[in-house]
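One-letter residues, chain by chain:
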Amino acid sequence: MNPRTFLFGSAEPSRGIDAGLLVLRVGLFALLALAHGIGKLPVSPEFVQGTADLGFPLPALFAWAAALAEFVGALLVAVGLLTRPAALLVGVTMLVAFVGAHGARLVGEGNGEMAFLYLVGALTLVLIGPGRYSLDALLHRPTVAYQR
């Protein structure tokens, strides 16, 4: 790698950027799915009550939606399949967790630091996309027209 590019970056698409997106997707969102999301399935009565306490109508439905976003949505992001919509669902879930469940606190007891970090990662992937090392890129490669 060119030292100038290493120090100051480049506006050009590169394998390094795509590798960084892969690390972000797999590292952050596999952790969300396996450390947080899977533990919410099946949804517990306490989680449903917490959703009701946030003021959601149909709290069981919204609790299931949140748990599935944290598990299935995060797994989709990790492998890079339907990345932008899945990251959007995860991001909305993390925004609700950060603001609603944790009072938008980043420090102190009961803070929402983890929810905020997942929100930032999700928003990044909504804006940038999954990169070339993803199932989205593999499945949606442009086809080359046949030339004579």
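Residues numbered from 1 in each chain as written. Predicted model: local features only at pLDDT ≥ 70, side-chain atom pairs only at ≥ 80, totals over all residues. Heavy atoms only, no water.

1. What to know about the pattern of salt bridges
Logical step 1: Under the counting rule described, the total for this entry stands at two salt bridges.
Logical step 2: Between aspartate 18 and arginine 132 there is a salt bridge, with the nearest N and O atoms lying 2.4 Å from each other. Of the two residues, aspartate 18 sits in helix H2 (residues 15-37) while arginine 132 sits in the loop between helix H6 (113-128) and helix H7 (135-139), which places them 114 residues apart along the sequence.
Logical step 3: You can call aspartate 18 buried: its relative accessible area is 9%.
Logical step 4: Classification of arginine 132 as partly exposed rests on a relative accessible area of 37%.
Logical step 5: Put simply, glutamate 70 and lysine 40 hold a salt bridge, and the shortest N to O gap is 3.0 Å. Taken together, the positions of glutamate 70 in helix H4 (residues 59-79) and lysine 40 in the loop between H2 and helix H3 (45-53) put the pair 30 residues apart, joining distant regions of the chain. (Salt bridge = Lys/Arg side-chain N within 4 Å of Asp/Glu carboxyl O. Helix = DSSP H or I, 4+ residues; strand = E, 2+ residues; numbered from the N terminus. Buried < 20%, exposed > 50% of the residue type's maximum accessible area, 1.4 Å probe, protein only.)

2. Digging into the packing of H2 against H4
Logical step 1: Two numbers describe how H2 lies on H4: the axes approach to 8 Å, and their chain directions differ by 155°. Between H2 and H4, the angle is such that the two are roughly antiparallel. Relative to H4, H2 is oriented so that their crossing is left-handed. Facing H2, whose interface residues are Arg25, Val26, Phe29, Ala30, Leu32, Ala33, Leu34, His36 and Gly37, H4 presents Ala67, Glu70, Phe71, Ala74, Leu75, Val77, Ala78 and Val79.
Logical step 2: Class assignment for the residues of the contact of H2 with H4 results in 13 nonpolar, two polar and two charged. (Axes fitted to C-alpha atoms, helices over the stretch in contact; angles between N-to-C directions. Parallel < 35°, antiparallel > 145°, perpendicular 65-115°, else oblique. Left-handed = near helix turned anticlockwise from the far one by under 90°. Contact = heavy atoms within 4.5 Å. Nonpolar A, V, L, I, M, F, W, Y, C, P; charged D, E, K, R; others polar.)

3. Observations regarding the nonpolar core
Logical step 1: Membership of the largest hydrophobic core comes to 20 residues, with the highest contact counts inside it found for Phe29, Leu32, Val77, Val90, Met94 and Leu125.
Logical step 2: When residues of this core are traced back to their parent elements, those giving at least two are H2, H4, helix H5 (83-101) and H6.
Logical step 3: Broken down by element, this core gets its largest block of residues, six residues, from H5.
Logical step 4: Excluding anything up to four places from it in sequence, leucine 125 contacts Leu21, Leu24, Arg25, Phe29, Val77, Thr83, Arg84 and Ala87. (Core = buried A, V, L, I, M, F, W, Y, C linked by side-chain atoms within 4.5 Å.)

4. A closer look at the packing of aromatic side chains
Logical step 1: Per the counting criterion, the structure on display carries two aromatic pairs.
Logical step 2: With a centroid separation of 4.9 Å and 35° between ring planes, the pair formed by phenylalanine 56 and phenylalanine 62 is classed as tilted.
Logical step 3: Owing to a relative accessible area of 27%, phenylalanine 56 belongs among the partly exposed residues under this scheme. (Phe/Tyr/Trp six-rings, centres within 6.5 Å; stacked < 30°, edge-to-face > 60°.)

5. Regarding the packing of H3 against H4
Two quantities define a packed helix pair, namely the angle between the axes and the distance from one axis to the other.
Logical step 1: Where H3 meets H4, the axes come as close as 8 Å, and the angle between the chain directions of the two elements is 110°. On the basis of the axis angle, H3 is roughly perpendicular to H4. Along the contact surface, H3 presents Phe47, Val48, Thr51 and Ala52, while H4 presents Pro59, Ala60, Phe62, Ala63, Ala66 and Ala67.
Logical step 2: Among the residues making up the contact of H3 with H4, the classes are represented as nine nonpolar, one polar and no charged.

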